[in-house]
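# What the coordinates show
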Amino acid sequence: MTTMDVTLSDGPDVAPREGRVRSALGRIARRMGGREAATGMLILGILILVALFAPWLAPHDPEAIEPGRVLAAPDLAHPFGSDTLGRDVFSRVLFAYRVSLVVSVGSVLAALLIGIPLGLLAGYRGGWVDTVLMRPLDLLLALPAMLLAVSLIAILGPGAVVALIAIAIIYLPILARVIRGSVLVVRTEAYVEGAKARGVGGLGIMRRHVLPNSLGPAIVQASILMGFALQIEAALSFLGLGTQPPTPSLGVMLAEGRDVLAQAWWVEVFPGLAIVLAVLAFILIGDGLRARFDPRRLAE
Amino acid sequence: MTEPLLVVDDLSIRYTAPRRPAVRAVEGISFEVRPGEIVALVGESGCGKSTTAMAIMGLLPSTAAVTGRISVAGRDLVGLPDEAMRELRGNRIGMVFQDPLTSLDPSFSIGDQIAATVRAHGGSGPQARRRAIELLAEVGIPAPEERYGDPPHRFSGGMRQRVVIAAAIANNPALLLADEPTTALDVTIQAQILALLRTLRDTHGTGILLIAHDLGVVAQLADRVGVMYAGQLVETASVEAIFAAPRHPYTRALLAAQPTGAQQAGTLQVIEGQVPDLTAPPPGCRFAPRCPLVHEACVMLPPLADDGAGHRVACWATEQTRRAAGRPEATSTAGAS
Amino acid sequence: MSPRMWFIVRRLLMTIPILVAMSIFVFLMIRLVPGDPVTTMLGFRATPENVATIRAELGLDQPLIQQYLDWISGILRGDFGQDYISGAPLSELLAQRLPVTLELTVLAMVFAVLIGVPLGVMAAIRPGWLRRGTGVFVIGAVSIPDFWLGIMLVLLFTATLHLLPPSGYVPIAEDPIGNLRYMILPVLTLGIAEAAYILRTTRGAMEETLSAPFITFHRAKGVPHRTIVFRHALRNASLPIITVIGIQFGVLLGGAIVVESLFALPGVGRLIVTAVNQRNYLVVQGGVLLIATLFIFVNLVTDVLYVWLNPRLEGSGQG
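Residues numbered from 1 in each chain as written. Chains lettered and ligands numbered in written order. Predicted model: local features only at pLDDT ≥ 70, side-chain atom pairs only at ≥ 80, totals over all residues. Heavy atoms only, no water.

It is worth spelling out the overall build of chain B at this point. Across its full length, chain B holds 12 helices and 12 strands. A compact globule built from 337 residues should have a C-alpha radius of gyration of about 20 Å, and chain B, at 21 Å, falls within 12% of that. Projected onto its principal axes, the C-alpha coordinates of chain B cover approximately 65 × 50 × 45 Å. Of all 337 residues assigned to chain B, the portion counted as buried reaches 53%. Excluding contacts between residues fewer than 6 apart, the proportion of contacts in chain B whose partners are at least 24 apart in sequence is 63%. (Helix = DSSP H or I, 4+ residues; strand = E, 2+ residues; numbered from the N terminus. Rg over C-alpha atoms; globule rule 2.2 N^0.38 Å. Buried < 20%, exposed > 50% of the residue type's maximum accessible area, 1.4 Å probe, protein only. Contact = heavy atoms within 4.5 Å.)

Encoded structure:
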């Protein structure tokens, strides 16, 4: 079972220090699921805004080729330097975030959209419904993620959209299983029995009682998977199988930067750091929320 | 009078946690266990009896602050460095835990786990093995030589608990702590295990501190009984005296709440109220909020007073307590003794 | 037959439908390509005669079932067909490249275990700065894309320190030292993230084991701390650790695809990527089939090992 869960710290949250601003921030952070998760959400929020408003935030046109600035080192006007065609790396990174975030968030959301109903039904009904729904999904798990992505791209051709679909397909079984697992725990809860005793029908129970209480672990997993999805998209683009030029993409930038590594390290380093930042945000969110949504606590 | 084996004097245990109020789990308890004596500590869940046993073994987590005195065979244990404590564990003091299904290591044979106690204190491999087989026979495991290498899951709960006891007494400790040794077993097996413990005491002269919440178990095994409530020791006496003539209101209520055939069909006796929050316990006697004999004096902690014949109570409603504190006047309505 | 043997037999039998389903998927890959795969594959060599010949050879005009059976029986005989672009039999191509991929994956896993397990044990028994440090390491290793890490390593060791070659390969039989020089960076690239994952798993398994009641009982017997950690806790924790190693081995196979391309290692992964870029469907098919089969078998071994080693799954004793 390729559950890719990561834990940073499983200790209790360190207490926020004295100081009114800090304690206010502490309270906000705690409401958002912990300091880790709040940090992650903050970073992610900023990145999403950056990606959305890239056209206005970018100091230069990402496509603008300036022969005079080929491989120019970073300076105040071009904080990340310029690439082999003289394009401003910083602006390109801002625009590249769009594809990365859309693919990573979109693919996992798509997987959730399909996986939640499947996992819900399979977990709640059990029996042959469970087998019929889960077995085919398990077959998808018979291939390593990258391999499956590459195969799908081989069939459908390269591109960001294909990458999104491929990643969604890869993560569908994992999320469905997570939901199914929570449902198995939740459906034995007292309030579900109570609802049944009141005569609430199966669908109603699933919708109103089981589902909301089963979502926790799935959200945690989804967040972490979004981080991985971003990496997969970058890897595919790096290999030429994902986002195709001219669309700016972090993976493609990494491929381009490789050739000039020795002379112009900034072309390779900054897009990479950009990826790290985004993935870190997702991981922090998922990891931070994990303590809140520990599946064992579902049964409390 | 033989020198007491275990002396607990004014023992208090507090659990501390960051940003959280301290839990005052045990408050100023004192009792002894003499060699060859079986003393039971009884009380509801959460009253601090298991915590006391763990404190004696030095197995409390680092968040626990222990004050007071614990001495075994004259040796002071509070504040002893862990390595010194380790030499005593399994050697001079043994401990048996509640759930035999989780006490044994699933990855090692039962024989090995008994031998481990011997090896931990300097025994050689072959020596330890021989001793383990000896012990398996003593606790009643059939065919000990053949079953030495069997893993725990091949044994029933009762059998496993015998293995646990064997491992705990391997080096003939003078003191054995038994934390609810029969709670997880069914009644027929319970009797066997209790009989085993009694036999061990008779054969080896081991002193046993028995932690229990089941008064039936206590009646079968103990010589003396200490009753705890919310971290305080409220009464100690011989087992006969506790059952025949309990003096503390809580002990009386506890005994009255035991369902017996002699009661009429109808409601069970309950003790009104709830166990206090140990982060903010009531001052003085912690049973006061629920006590039918409560009086304004009860906000002061009553001392555990001896009546001269070994029966001790900590209750202002009893004359012996009042006398011990130097205030012999009757303070309230009809009180005991 | 004991319940445990039944588990194992059932698991073995279950592998067959998985293999079949996977082979069907791989088989359909070529046939699902929009347009005519043969023409696309041949590219500029796609004359009507060539196309027709190859279509006939591949049996693309026959009923699907027939095609599948022919193809599968060929595979089972070791005949993967021919690579029309290079002209070599595909099985030969794959046989040449498999050892490289295996070497990379195995070495990366060995590295990851040698680093991850000891650090994980230490982090579990010595909390404080070590725990936080390893925690940061784990998050960092997971957030950093491994191919970028590889490039950074090249930046450090090649461009700056001039210690190691940035790419290339020499078979171990020819030149063991040279082989290792070429493999160090790829193994590090693949292995560091894996080490972090194994570290985290080890730490978690050790912590969980160390809080188990039987460990408290060991302590109550006076068993020394070192014995408790290394003999008892580790043995009980090793089961989940081994399971994770098995699963992660498969994940590494996927990661090898990228790392091989990055360091120009002549392995199956790079073969597949190049083939995808060239629309060389037959090679893609063969490569995917090979790696997927490997993956399925590794999972099988892991599951069997888990049942084999788990003392509790021996089947009921006396109640």
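It is worth spelling out the interface of chain C and chain A at this point. In this complex, chain C contributes 48 residues to the contact, which on the side of chain A involves 46 residues. Buried area between chain C and chain A, summed over both chains or domains, comes out near 4100 Å², and the portion from carbon and sulfur atoms is 76%. If you look at where chain C meets chain A, you find five residue pairs in polar contact (both at pLDDT 80 or more). Considering each element in turn, the side of chain C that touches chain A owes the most residues, eight residues, to helix α10 (residues 225-263) of chain C. Looking at side-chain class alone, the side of chain C that touches chain A contains 37 nonpolar, six polar and five charged residues. (Buried area = accessible area lost by both parts, 1.4 Å probe. Polar contact = N/O pair within 3.5 Å; in protein donor to acceptor, adjacent residues only side chain to side chain. Nonpolar A, V, L, I, M, F, W, Y, C, P; charged D, E, K, R; others polar.)

Attention now goes to the environment of leucine 284 of chain A. All names here are of chain A. Within the secondary structure layout, leucine 284 lies in helix α11 (residues 266-292). Looking at leucine 284, the relative accessible area reads 10%, which means it is buried. For the pair formed by leucine 284 and serine 82, sequence separation is 202 residues and the distance between their alpha carbons is 31 Å.

Turning next to the pairing of strand β9 (residues 224-229) of chain B. Residues and elements named next belong to chain B. Here β9 lies mainly inside the structure; six of its six residues are buried. Residue alternation in β9 divides its side chains into two sets, Arg224, Gly226 and Met228 and Val225, Val227 and Tyr229, and both sets are buried. Of the strand pairs in this sheet, strand β3 (residues 38-42) and β9 are connected by four bridges, and their pairing is parallel. Paired with alanine 40 across the two strands is valine 225, which belongs to β9. The antiparallel pairing of β9 with strand β10 (residues 232-238) creates a hairpin that spans two residues between the two strands, and alanine 230 there sits at a positive phi of about 50 degrees. (Pairing = 2+ DSSP bridges.)

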